[in-house]
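The chain contents come next:
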Amino acid sequence: MSGTNRSTPVASQLSGVLSSTSSGAIAILILVCVLATSQSSSFLSLDNGFNIASQMVFVLLLALGTTIVLITGGIDLSVGSVMGLTAGVVAYLVSQGLPLGVAMLAAVAVGALLGLVNGLIITKLGLPDFIATLAMLGVARGLLFLWTEGTPFIGYMSKPYYVIGGLERPFGYLTIPIMVAMVATFAVFAVLKYTAFGRHCYGVGSSSDAARRSGVRVPRIRVLAYVVSGLLAGVAGVLLAGQTTAVAPDLGSGYELQAIAAAIIGGAALSGGRGHALGAVMGTLILAATANAMNISGVSAVWQPVVVGFVLLLSVILDRLTEKQRGRSAHLPSAPAVATAH
Amino acid sequence: MSIRDRLARTAAVEGAAVTVAFIVMVVVFAVSSPFFLTGQNLHNLFVESVFTVLLAAGMTYVIIVGGIDLSVGSVLGLSAGMTLMTASKGAPLLVAILVGVATGLVVGLVNGLLIAHLGVNAFIVTLATLSIGGGALNVLTTRVELTGVDSTAFTNLSQGSVLGIPAPVLMTLAVVLLLEFVLIATPFGRRIFAAGINDSAAHLAGVNLRRLRLQVYVLSGVVAGFAGVLLAAHLNSVQPDLGTGFELTAIAAAVIGGVSLSGGQGSVWRAVVGAFFLTTLSQGLQLLGVDPTWFTIVTGVSIVAAIAFSRGTQWFASSLRPAAPRPSAPAAEAAEPTHAVNR
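Calculation notes
Residues numbered from 1 in each chain as written. Chains lettered and ligands numbered in written order. Predicted model: local features only at pLDDT ≥ 70, side-chain atom pairs only at ≥ 80, totals over all residues. Heavy atoms only, no water. Helix = DSSP H or I, 4+ residues; strand = E, 2+ residues; numbered from the N terminus. Buried < 20%, exposed > 50% of the residue type's maximum accessible area, 1.4 Å probe, protein only. Contact = heavy atoms within 4.5 Å. pLDDT = per-residue confidence, 0-100. Expected span 1.5 Å × (residues − 1). Salt bridge = Lys/Arg side-chain N within 4 Å of Asp/Glu carboxyl O. Nonpolar A, V, L, I, M, F, W, Y, C, P; charged D, E, K, R; others polar. Phe/Tyr/Trp six-rings, centres within 6.5 Å; stacked < 30°, edge-to-face > 60°. Patch = residues over 30% accessible without salt bridge, like charges linked within 9 Å, V, L, I, M, F, W, Y side chains within 5 Å. Areas by Shrake-Rupley, 256 points an atom, 1.4 Å probe, with all protein chains shown as cover.

For chain A, the helix and strand inventory stands at 15 helices and zero strands. Within the span of chain A, comprising 342 residues, buried residues form 52% of the whole. Sequence separation of at least 24 residues holds for 77% of the intrachain contacts in chain A that already meet a minimum separation of 6.

The structure is reproduced here in structure tokens:
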């Protein structure tokens, strides 16, 4: 509990983060690490650590955006498709002869624009978030299919793009995607914690009515949250196109559910008002570490969805049990979120 | 009563707009393709829509009570796989059906226990069981050869007919009618609305929320399991990714039909209209020779259009009658059940 330990500010801050990052998640992560290490000693090596880091970059970028949207009380199902479509934008524009920088900017802009469309449909037309972004999932996916005519975009790779995609490592272990993900995590962390927009997000998600009464322009905050989510999906798309070296029509399918799962394991709630950037990192890390551990210990690919499902269940169950325990001693199970909101 | 009043009253009926949109779509398809209204095509349309219809009908219960069930797509596929496996081993038809339905029951029970008794978020629990169920079917298809059952009793589940009406359509109709009846005419149904509108009020009124939620998820699982049985008989083969994406179609169908994701509102027949809307759309486009790659785009846009249209009609209805307060029919309906529970 963040309230009980006030000895040093750092310690109390850390314990605040840990208690809101859901202890279930931490327990699961430790369990996965122990099991994987007992199977293969290479799991805890530096090499494999960066392996996991580069595997989790894309889900992490999406999970960060998803976290912001979840905090405002929404949900964004379109991020996987938007990521795929923006990857297509880069690939196409580069193959049309545009400079890489321009193509990348255009792709990120497309991501933000699709987020804007999501936000406007939700706030102006009043459609449920689930449905509006589900429709966008279909539209973005369909557009990529139409555009690619069913065969992957190829032949857009260039020397700098190999570096941007993380396939070439000019700085040792640190690849560009990992650095971008770190910067994005830090940015989302800072925005949520230190800016008015961040506080408004928590306010809108906790009680949009109360937020509106205290002068927050609720629709604008919600639209902005979707724009940020789309923008991050665009960034992820740019990096992903560089890593896969080909943009398949179904690139990015299913990523949206992973991103939501990661955000929720990390302490975000679908009811809004809760969640933070480090939680998204934690949630993504658990999913990536589990997948990696299964590969290392030779678990057959057909079993992997089953195991991922069980890990997800286990982490929320543990979280729920500890929360119940905590609820007995203090009557404010969501205290960290409340504290962040004000 | 003036025409204006009549118009306002009709437009205010929840689900009226979607029904109108559905009819307009049917007319458009009928005009643009001579084959759309032929007996064979309608037969196909009905037979192929039963799966979405069943999932959407079960989903309606879950959504009204304020939850969500993402696992139904996997349950559909897994139950089809289990049914086909049992039937291909020569088990009697009834056993195969029971195995399929029981698969749904088990998944629904797991969902319900975790959501209702442990209080874990429904989205996450059912997302996990979606993953587990889909993975289990994948494993099943690598272990067992799942192709073709050579039994007329089994294929009759899909190809048989009574008085010219295909058997799966008849069975689905029976399930839908039963579900609608239970929802609107029994204390169980009233409790579902009460819990969806205000769970703490329902709790104070004596509703056992845990049991109610458990029952609703089990029901959704069982209905999805039954849909899987019909799907197994229809295809007589099972692919590893069977059922993928059906959960989102079922939810979209319910929402298009006006079932509110915030709970407490909706009816089975409206979800069924929504399901027909989606299946007719994709079948009509196919008939018009539209490139299948357009389907996801057209479906996405028409989901938004259908809901925006029905929102617009509601708004239009309330603007026609500024004197009377906006008719919130479901809320009024729901006030009664709360009393009924209270007695």
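This part covers the confidence of the model for chain B. Residues at a pLDDT of 70 or more form 88% of chain B, whose mean pLDDT is 83. In this model residues 324-343 of chain B is a low-confidence stretch, pLDDT under 50, and it forms 16 contacts with partners more than four residues away in sequence or in other chains.

Turning our eyes to something else, we now look at helix α2 (residues 16-32) of chain B. Over its 17 residues, α2 of chain B extends 24 Å from the first C-alpha to the last, a length consistent with the 24 Å expected when each residue adds 1.5 Å. Those residues of α2 of chain B that fall on the buried side of the exposure criterion are Ala16, Ala17, Val18, Ala21, Phe22, Met25 and Phe29 of chain B.

The terminal C-alpha atoms of helix α11 (residues 218-244) of chain A lie 39 Å apart, and with 27 residues this matches the ideal 39 Å at 1.5 Å per residue to within 8%. Directly after α11 of chain A, the chain includes threonine 245 of chain A, whose backbone phi takes a positive value near 60°.

So, about the interface of chain A and chain B. Tallying the contact residues gives 36 residues for chain A and 37 residues for chain B. Taken together, the links from chain A to chain B amount to zero salt bridges. Elements that contribute at least two residues to the side of chain A that touches chain B include exactly α6 (129-148), α12 (255-265) and α14 (304-329) of chain A. In the side of chain A that touches chain B, the residues fall into 29 nonpolar, four polar and three charged.

This part covers the packing of aromatic side chains. Two numbers describe a pair of aromatic rings. These are the distance of the centres and the angle of the planes. All names here are of chain A. Tallied over the entire structure, the rule returns eight aromatic pairs over all chains. Judged by centre distance (5.5 Å) and plane angle (85°), the rings of tryptophan 147 and phenylalanine 153 are edge-to-face. Judged by relative accessible area, which is 31%, tryptophan 147 ranks as partly exposed. One aromatic cluster is present, formed by Tyr92, Trp147 and Phe153 through successive ring pairs.

The tally for this structure, following the rule as stated, stands at five salt bridges over all chains. Connected via shared salt-bridge partners are Asp209, Arg212 and Arg213 of chain A.

The subject of this paragraph is a nonpolar patch on the surface. Residue and element names in this part refer to chain A. A surface patch of nonpolar side chains, amounting to about 410 Å² of accessible area, comprises Leu31, Leu35, Leu314, Leu318 and Leu321. For the nonpolar patch, the elements supplying multiple residues, two or more each, are α2 (23-39) and α14. If you tally residues by element for the nonpolar patch, the top one is α14, at three residues. Among the structural elements, leucine 31 can be located in helix α2.

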